[in-house]
Amino acid sequence: MAKNYKMYINGEWVDSSDGGTFEVYDPGNGELLGTVPIATKEDVDKAFVAARAAQKEYALSPLKDRMDLCYRISEEILKRKEEIATMISREQGKTYDDSLYEVGEVALNFDMSARNFQRLDGEIITAYDGDMRMILTYEAYGVYASITPWNYPILQASEYIGPAMVTGSCGVAKPASPTPLSMLLLAECMESAGAPKGVCNIITGPGASVGEAMVTHPECDLVCFTGEDKTGARIEDIVGLKKCIMELGGTGPSIVLDDADMKKAAQQVAEGAFYNNGQVCCATERVLVQETCKEEFMKELMEVVKTYKFGYWNEPGIRMGSMNSEKPVQKVEAHLKDGLEKGAVILTGGKRAEGMPSNLYFEPTVVDNVTKDMLLYRDETFGPVIPISTFTTDDDAIEQANYNGFGLIMSIFSNNMKRTNYITRRLVTGGVNVNISSGYWEAELPFGGGGGTKSGYGRMGGLHILKEMTYTKCVFVDFNGC
Ligand code: NDP
C-alpha cells in the first residue's frame, strides 16, 4: 500500500515545511509506491545548519567511535537486506538479484571505509633542520552535499556517505527523484545504528530546485556529485570555489581485436550492455570490432543475446527488469531512430516489449553499422543496446574509442599483450578493463573519469575516495622547542 514518507533532518523524520510532496511509482507495473516531501529552501537550510552544528564535534570524536558507527550501519543494512533490495527493485525496476548485490555493496562501503581510513598513509617529511619535521594528516573536509542518480539508488550515495562518516565530515544527501525510497531506508539504518543527529541528513525533491539550493548553500564545503555531464557542468557553473567530486557519464567503448577469445568477448560485451538494462555509467555502449573478425564475433554475440530474459523484478530466471522511467526509454528510442535514419541496421530488439505489466520494458537490442555521425556513437544511450562499429588498424580503434570525449572505463579484448598495451597507453580514460566487460567494477577500484574528459574527475572507491573527501594538513614541528 502506498505510504507517505518523510525526510530525515537533524535526527528527526519530517515533512516538507510547506507540505509539498511528489509521487513515486514502481516502473515495472505502474503502481504508486508512495509520496515523498519536496524540501523547501528552509528545509535545505535546516539540514545544512544541522550538519554544520554536528560536524565540529563529530570531526574531533575518537576515530574508533566513527569506525564502530560505520560497522554498525553496515550490520543494520545487512540485517534488512531483503527489505532494502525489494525497495530498490520496486522503485528502480532492476532484478531482485541485482538489488541484493547493490545492498551488499552499500554495506561494504561503510565497512570498507572504516577499515581503510587507518591505512591512509600520512607522511612525515624531514625538514632542512634535522630536528624539525613536517607531519601530513588527512582532515575531515567539512560539510558535504551528496547528489546522486537513480540507476543505483543507494550505492552511489553510500560511496560518499560511508567515507564522510569515518573521516569526520557531515552532510546532506539527496537521492534522485525517481528513486528516493531506499535512501530513506538507509536513513533508518543510520538511525538504528546510533548515528548522532545531524551527521547525515537525507532530503528529497527535484534537482533543479533542491539540488541547486544544496550545492550553493553557504554551509556546503564539498560537492559530491554523480550524474550526467550536463548536470555536472551546471553545478560547476553555480558553486564558485567549492571543491567538487564529479562522477559523470561514459560510453564504455569495447575494442574486440581479431586475436581475442570471441566467445568470452561476446559474453562480456552482452553483460556490459544489458546489466541493469544498460543504465550504468560504465555500460558497454559502443562495440568496436576489428573488421577481420566481425563475422565470428557477431555469430557468438547473437547466440548470447538470445539467452537474456527480462520481466518484472521478482520473476525467476530473468536477467533484466524494466527500465526506470519514460525519460530513459525515450532517449533510447530517439538514438535508435537517429541511427536508422543514418543507415544503422537493427539485428534484434529495437522496441518496447509488448504484453508486459508496464510500458517500460525494452527488448535487448543489437544494432549494426553504427557510425560517427550517430547519437548512438556520440552520446550516452543508457539503455539495453549494443551498437556495433568496425575498425581496421589498432590506431583506428584508439581514435574511435577516444572520439566522443567520454573517458570513464574502456575495454579491450585480446590475447596479445603487446597490442593491448599499445592501445591501453593511448586511451584517454580513467580505467581500462582487459578481457573484462567495461561494466565490471569492484568497491576498491579507483573509479572515475580520465584526462579532462566529459566523464568528470575525482576517484571513488577504496582509499581513493577517502583522500578525495579529506584535505591535507601539514603540521610543521620544531622538536627542539619542546
Ligand atoms: P542527472 O544528472 O539528471 O541527475 C543526477 C542527480 O542530480 C539527481 O539526484 C538529480 O535530481 C540531480 N540534479 C538534476 N539537476 C540538478 C541541478 N541543476 N542541480 C543539482 N542537482 C541536480 O542524472 P541521472 O539521474 O539521469 O543519472 C544518469 C547519469 O548518471 C548518466 O549520465 C550516468 O552515466 C551518470 N552516472 C555516473 C556514474 C559515475 O560513477 N561516473 C555512476 C552512475 C551514473 P532529480 O532526480 O530530482 O532531477
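For clarity, every value in this text was computed on a predicted model and none was experimentally measured. Residue positions within a chain follow its written sequence, with the count starting from 1. Thresholds applied to this predicted model are a pLDDT of at least 70 for local features of residues and 80 or more for the giving and counting of side-chain atom pairs; totals over whole chains, interfaces and linings are not thresholded and use all residues. The basis for every side-chain value is the complete set of heavy atoms in the structure, and neither hydrogens nor water enter the calculation.

A. Layout of the domain arrangement of the protein. Taken domain by domain, the protein consists of domain 1 (3–248 + 458–474) and domain 2 (254–443). Distance from the C-alpha centre of domain 1 to the C-alpha centre of domain 2: 31 Å. Taken together, the contact pairs 33 residues of domain 1 with 27 residues of domain 2. Summed over both partners, buried area is the accessible surface (1.4 Å probe) that two parts give up on being assembled. Between domain 1 and domain 2, the buried area comes to about 2300 Å², and carbon and sulfur atoms account for 51% of it. The largest per-residue losses of area from domain 1 upon contact with domain 2 belong to Pro27, Trp150 and Tyr152, which jointly make up 22% of the total buried on that side. By salt bridge we mean one thing: a side-chain nitrogen of Lys or Arg within 4 Å of a carboxyl oxygen of Asp or Glu. Taken together, domain 1 and domain 2 are joined by zero salt bridges. Polar contact criterion, stated in full: a pair of N or O atoms within 3.5 Å, where within protein one must be able to donate a hydrogen and the other to accept it, and residues adjacent in sequence count only if both atoms are side-chain atoms. Taken together, the links from domain 1 to domain 2 amount to 12 residue pairs in polar contact (both at pLDDT 80 or more). Contributions of two or more residues to the side of domain 1 that touches domain 2 are made by helix H3 (81–92), helix H4 (96–117) and helix H8 (229–239). With seven residues, the top contributor of residues to the side of domain 1 that touches domain 2 is H4. As used throughout, domain bounds are those supplied by an automatic or database domain assignment. Note on contacts: a residue pair qualifies if any of its non-hydrogen atoms lie within 4.5 Å across the two residues. Starting at the N terminus, helices and strands are each numbered in turn, a helix being any DSSP run of H or I of at least four residues and a strand any DSSP run of E of at least two.

B. Examining the environment of glutamate 296 more closely. By the secondary structure assignment, glutamate 296 is in helix H10 (residues 294–305). Only protein chains enter the calculation, and the probe is 1.4 Å; a residue is then buried if its accessible area is under 20% of its type maximum, exposed if over 50%, and partly exposed in between. By relative accessible area, which is 49% here, glutamate 296 ends up partly exposed. Taking the C-alpha atoms as reference points, glutamate 296 and alanine 265, separated by 31 residues in sequence, lie 11 Å from one another.

C. Looking closely at the packing of helix H9 (residues 262–274) against H10. The N-to-C vectors of H9 and H10 enclose an angle of 50 degrees; their axes lie 8 Å apart at closest approach. Taken as axis vectors, H9 and H10 run oblique relative to one another. With respect to the hand of their crossing, H9 and H10 are arranged in right-handed fashion. Between H9 and H10, the contacting residues are Met262, Lys263, Ala265, Ala266, Gln267, Val269, Ala270 and Phe274 on the first element and Glu296, Phe297, Glu300, Leu301, Val304 and Val305 on the second. All residues other than Ala, Val, Leu, Ile, Met, Phe, Trp, Tyr, Cys, Pro, Asp, Glu, Lys and Arg, Gly among them, are scored as polar; the first ten of these are nonpolar and the last four charged. Class assignment of the residues belonging to the contact of H9 with H10 gives a composition of 10 nonpolar, one polar and three charged. Simply put, an axis is a line fit to the C-alpha atoms, just over the touching stretch for a helix, and the angle between two N-to-C directions goes from 0 to 180 degrees. With respect to orientation, any angle under 35 degrees is reported as roughly parallel, any angle over 145 as roughly antiparallel, any angle of 65 to 115 as roughly perpendicular, and every other angle as oblique. Crossing handedness: left-handed means the near helix sits turned counterclockwise from the far one by under a right angle, and right-handed means the same turn made clockwise.

D. Seen up close, the pattern of salt bridges. Tallying each qualifying case throughout the model produces 30 salt bridges. Of the charged contacts in the structure, one is a salt bridge between glutamate 271 and arginine 319, with a shortest N-O distance of 3.2 Å. Placement of glutamate 271 in helix H9 and of arginine 319 in the loop between H10 and helix H11 (326–341) is noted, with a sequence separation of 48 residues between them. Glutamate 271 gets classed as partly exposed once you look at its relative accessible area, which sits at 28%. On the basis of relative accessibility, which here comes to 36%, the residue arginine 319 falls in the partly exposed class. A cluster of three or more residues bridged by salt bridges with shared partners is formed by Asp258, Asp259, Asp394 and Arg419.

E. Up close: the sheet that holds strand E5 (residues 32–37). Read across the sheet, three strands follow the order E1-E5-E4 without closing on themselves; strand pairing throughout is mixed. Pairing within the sheet leaves two strands with one partner each, and these edge strands are strand E1 (3–4) and strand E4 (21–25). Think of it this way: DSSP has to see at least two bridges between two strands before they count as a pair. Note that E1 and E5 share two bridges and pair parallel. From the neighbouring strand, asparagine 4 faces E5, where its bridge partner is threonine 35.

F. Representation of the pairing of strand E8 (residues 143–147) within the structure. Taking burial as the measure, the five residues of E8 include five buried ones, the bulk of the element. The two faces of E8 match: Val143, Ala145 and Ile147 on one face and Tyr144 and Ser146 on the other face are all buried. Two strands pair when backbone bridges link them, and E8 and strand E9 (residues 170–174) are joined in this way by five bridges, in the parallel orientation. Looking at E9, one finds that tyrosine 144 is bridged to glycine 171. Look down the strands so they point away from you; if the path from the first strand over the helix to the second goes clockwise, the crossover is right-handed. In the classification by handedness, the crossover that spans E8, the intervening helix H5 (residues 155–167) and the parallel E9 is right-handed. Note: E8 against strand E11 (residues 222–226), four bridges, orientation parallel. Across the sheet, the residue bridging to isoleucine 147 is phenylalanine 225, located in E11.

G. The arrangement of helix H13 (residues 394–401) in detail. Buried within H13 are the following residues: Asp394, Ala397, Ile398, Gln400 and Ala401. With its buried residues spanning 165 degrees around the axis, H13 presents them on a single face. Against the buried residues of H13 lie strand E13 (253–256), strand E14 (286–290), helix H12 (375–378), strand E17 (385–391), strand E18 (409–413) and helix H14 (417–426). Arc, as used here, means the arc of the directions from the helix axis to the C-beta atoms.

H. Region of interest: the site of the ligand. Proximity is defined per residue: any heavy atom of the residue falling within 4 Å of a molecule or strand makes that residue near it. In the vicinity of the ligand, 31 residues are found, and the nearest of them are Ser177, Glu212, Thr231, Leu248 and Glu380. At 2.5 Å from an oxygen atom of the ligand is found a side-chain nitrogen or oxygen belonging to serine 177. Protein contacts shield 89% of the accessible area of the ligand, which totals 910 Å² for the unbound molecule. Its residues placed into classes, the shell around the ligand shows 14 nonpolar, 11 polar and six charged. A domain-level breakdown of the shell around the ligand finds at least three residues from each of domain 1 (3–248 + 458–474) and domain 2 (254–443). Surface accessibility follows the Shrake-Rupley procedure with a 1.4 Å probe radius. Residue values consider only the protein chains on display as shielding.

I. Inspection of the environment of serine 74 at higher detail. You can see serine 74 is positioned in helix H2 (residues 63–79). Filtering out sequence-adjacent residues up to four positions away, serine 74 remains in contact with Ala107, Phe110 and Asp111.

J. Just the packing of aromatic side chains, in detail. Stacked, tilted and edge-to-face are the three classes assigned to paired rings of Phe, Tyr and Trp, where Trp is represented by its six-membered ring and a pair needs centres within 6.5 Å; plane angles under 30 degrees give stacked, over 60 edge-to-face, the rest tilted. This model, assessed by the stated rule, comprises eight aromatic pairs. Ring centres of tyrosine 8 and tryptophan 13 lie 4.8 Å apart, and the angle between their planes is 40 degrees; on these two criteria the pair is classed as tilted. By relative accessible area, which is 29% here, tryptophan 13 ends up partly exposed. Taking the centre distance of 5.7 Å and the plane angle of 85 degrees together, the rings of tryptophan 150 and phenylalanine 382 count as edge-to-face. In this pair, tryptophan 150 is assigned in the loop between E8 and H5 and phenylalanine 382 in the loop between H12 and E17, connecting sequence segments 232 residues apart. The same class applies to tryptophan 150 as to phenylalanine 382, namely buried. Definition used: whenever NZ (Lys) or CZ (Arg) falls within 6 Å of the ring centre and also within 35 degrees of the ring normal, the charge is taken to sit over that ring. A cation sits over an aromatic face here: arginine 426 above tyrosine 422, 3.7 Å from the ring centre.

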